[in-house]
Protein chains: 2
Amino acid sequence: MSRTATRERLFTAAIELIAERGFAAASVDRIAERAGVAKGTVYYNFGSKNAMFTALLEYGVERFGAALRDAAAGLAPLDQLGAVVRAELAFIGEHESFARLLLAETWRSGGDWPHAARLIRERAIGAVRDVVQAAVDAGELRTDLDVDMAASAVFGMVLTVALDWRTLQPDRPLDDVHATLMDLLRGRIAT
Amino acid sequence: MSRTATRERLFTAAIELIAERGFAAASVDRIAERAGVAKGTVYYNFGSKNAMFTALLEYGVERFGAALRDAAAGLAPLDQLGAVVRAELAFIGEHESFARLLLAETWRSGGDWPHAARLIRERAIGAVRDVVQAAVDAGELRTDLDVDMAASAVFGMVLTVALDWRTLQPDRPLDDVHATLMDLLRGRIAT
DNA sequence: AGTTTTGTACTGACCGGTCAGTCTAAATGT
DNA sequence: ACATTTAGACTGACCGGTCAGTACAAAACT
């Protein structure tokens, strides 16, 4: 089997198990078993459990961030926020387990991973931030808006709502969820 | 030492350790040590590590939900949402570790505790839901608003923003954060 | 051509250590 | 008296990590 194929199988297995029970409870034995690979292969490919987790996070966050940036590319500032929110919903819909893992690990405190949290903030939340900043620069949003906090708020809101969506109403169309979220963000709530 | 005092010391110690590294990595030995209590006391009081965790969650979520409900009590529907958001921020500011643990456990998938997630949704998010519903009933919000999703969105947004606040800008006044959040929710963002 | 070497990917038994949970006899508090 | 806590020794299961060895194909040598 090719090296990259093996690594991806391990990523998938690890993401699922960590999303279910957390990092510590996902044993290397079980991850290897689910990936259909011997335990030693994990250490041949990554060197340690921690290193595998770091590689997995980098791989996923990079893709997540790229999906968000691609969604906004080329659009008018007016449309970018909606597009980014839609892209975040879509990505989470397709990579639900990874999103759960992300939510749990990003806001962990003392843990072993200051690196992980920073990565997520730079790549994923950063993409949202850039869109908000573009809207401010275009004179579309108030110039005194706290851009970082707004980006974090939008990202967190979409992330938690998306996971509720997948958990409680998985059959509901993405557009429904997207519409409600955008209504909330645009203040179209009041009568 | 009284039974309840012992339990609370154990709760505090367990919450901190679990928030730092997750449930599996927080050993009973270390929890007992941090609480200044013998290991046997844990088993005398709770019977098992899982049972302690369940009791801890019930205790914390109950208090969290009560804080949110108390904040809204007696206010006009117009003011309730702001009060609930403020109460959520304040509670997280005072019980940061518990909030981290809550975030990680609520949106976990397969885990050992579907019970935990349901509890949080009923008690904590439920308090937000009631406030949103009251606003709808008072004709203050659109009647076609998806109340459950809006409540979940507000709760998740405030939770993630609050933890970013504590992590990245702990010295910032609560009122600042509150104002930005309410601006976002009221659509006062556009120029 | 046939043989030997080399590099890469993977295997699974095994080791030292940690963990949840048990047990007990004595102490402490009310 | 009775409930609660202590201190610590102990067990068996499981965990992260190691390592000698297998498989196999491309390359190098004769």
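Check the entry above for the structure.
Residues numbered from 1 in each chain as written. Chains lettered and ligands numbered in written order. Predicted model: local features only at pLDDT ≥ 70, side-chain atom pairs only at ≥ 80, totals over all residues. Heavy atoms only, no water.

Section: the overall build of chain A
Within chain A one finds nine helices and zero strands. Listed by position from the N terminus, the elements making up chain A come as α-α-α-α-α-α-α-α-α. Counting only C-alpha atoms, chain A reaches 60 × 35 × 35 Å along its principal axes. Across the 191 residues in chain A, those meeting the buried criterion constitute 52%. In chain A, of all internal contacts separated by at least 6 residues, the share reaching a separation of at least 24 is 67%. When the accessible surface of chain A is summed, it comes to about 8200 Å², and 50% of that surface belongs to carbon and sulfur atoms. Charged side chains in chain A number 22 positive and 26 negative. The centres of these two groups are separated by 6 Å. (Helix = DSSP H or I, 4+ residues; strand = E, 2+ residues; numbered from the N terminus. Buried < 20%, exposed > 50% of the residue type's maximum accessible area, 1.4 Å probe, protein only. Contact = heavy atoms within 4.5 Å. Areas by Shrake-Rupley, 256 points an atom, 1.4 Å probe, with all protein chains shown as cover. Lys, Arg positive; Asp, Glu negative; His and termini not counted. Charge placed at Lys NZ, Arg CZ, Asp CG, Glu CD.)

Brief notes about the protein's contact with DNA strand D
Around DNA strand D there are 18 residues in total, and Lys-39 and Lys-49 of chain A together with Thr-6, Thr-41 and Tyr-44 of chain B lie nearest to it. Of all DNA strand D atoms lying within 4 Å of any protein atom, the proportion belonging to sugar or phosphate reaches 67%. Of all the secondary-structure elements, those providing two or more residues to the surface near DNA strand D are α2 (28–35) and α3 (39–46) of chain A together with α1 (3–21) and α3 (39–46) of chain B. No other element matches the three residues that α3 of chain B contributes to the surface near DNA strand D. Here the surface near DNA strand D is composed, by residue class, of seven nonpolar, seven polar and four charged. (Near = heavy atom within 4 Å. Nonpolar A, V, L, I, M, F, W, Y, C, P; charged D, E, K, R; others polar.)

Structural notes on the protein's contact with DNA strand C
Near DNA strand C there are 18 residues, and of these Thr-6, Ala-38 and Thr-41 of chain A together with Lys-39 and Lys-49 of chain B occur at the shortest range. Among the atoms of DNA strand C close to the protein, meaning within 4 Å, 67% are from sugar or phosphate groups. Residue Tyr-44 of chain A places a side-chain N or O atom 3.1 Å away from a phosphate oxygen belonging to DNA strand C. Contacts to DNA strand C include Val-28 of chain B, whose backbone N or O atom sits 2.8 Å from a phosphate oxygen. Contributions of two or more residues to the surface near DNA strand C are made by α1 (3–21) and α3 of chain A together with α2 (28–35) and α3 of chain B. Per element, the largest residue contribution to the surface near DNA strand C is four residues, and it comes from α3 of chain A. A breakdown of the residues in the surface near DNA strand C according to their chemical character gives seven nonpolar, seven polar and four charged. (Polar contact = N/O pair within 3.5 Å; in protein donor to acceptor, adjacent residues only side chain to side chain.)

A look at the packing of aromatic side chains
Inspection of the entire model under this criterion finds 11 aromatic pairs over all chains. Ring geometry for Phe-64 of chain A and Phe-155 of chain A: centres 5.9 Å apart, planes at 45°, overall tilted. Note that Phe-64 of chain A is positioned in helix α4 (residues 49–72) and Phe-155 of chain A in helix α8 (residues 147–168), a separation of 91 residues in sequence. The class for Phe-64 of chain A is buried, based on a relative accessible area of 1%. An angle of 35° between the planes, with centres 5.0 Å apart, marks the rings of Phe-11 of chain B and Tyr-59 of chain B as tilted. Remark: Tyr-59 of chain B occurs in helix α4 (residues 49–72) and Phe-11 of chain B occurs in helix α1; sequence separation between them is 48 residues. Judged by relative accessible area, Phe-11 of chain B falls into the buried class, the value being 7%. Put simply, the rings of Phe-64, Phe-91, Phe-98 and Phe-155 of chain B touch in pairs and so form one group of aromatic residues. The ring of Phe-23 of chain A has Lys-49 of chain A sitting right over it, with the charged end atom 4.2 Å from the ring centre. (Phe/Tyr/Trp six-rings, centres within 6.5 Å; stacked < 30°, edge-to-face > 60°. Lys NZ or Arg CZ within 6 Å of the ring centre and 35° of its normal.)

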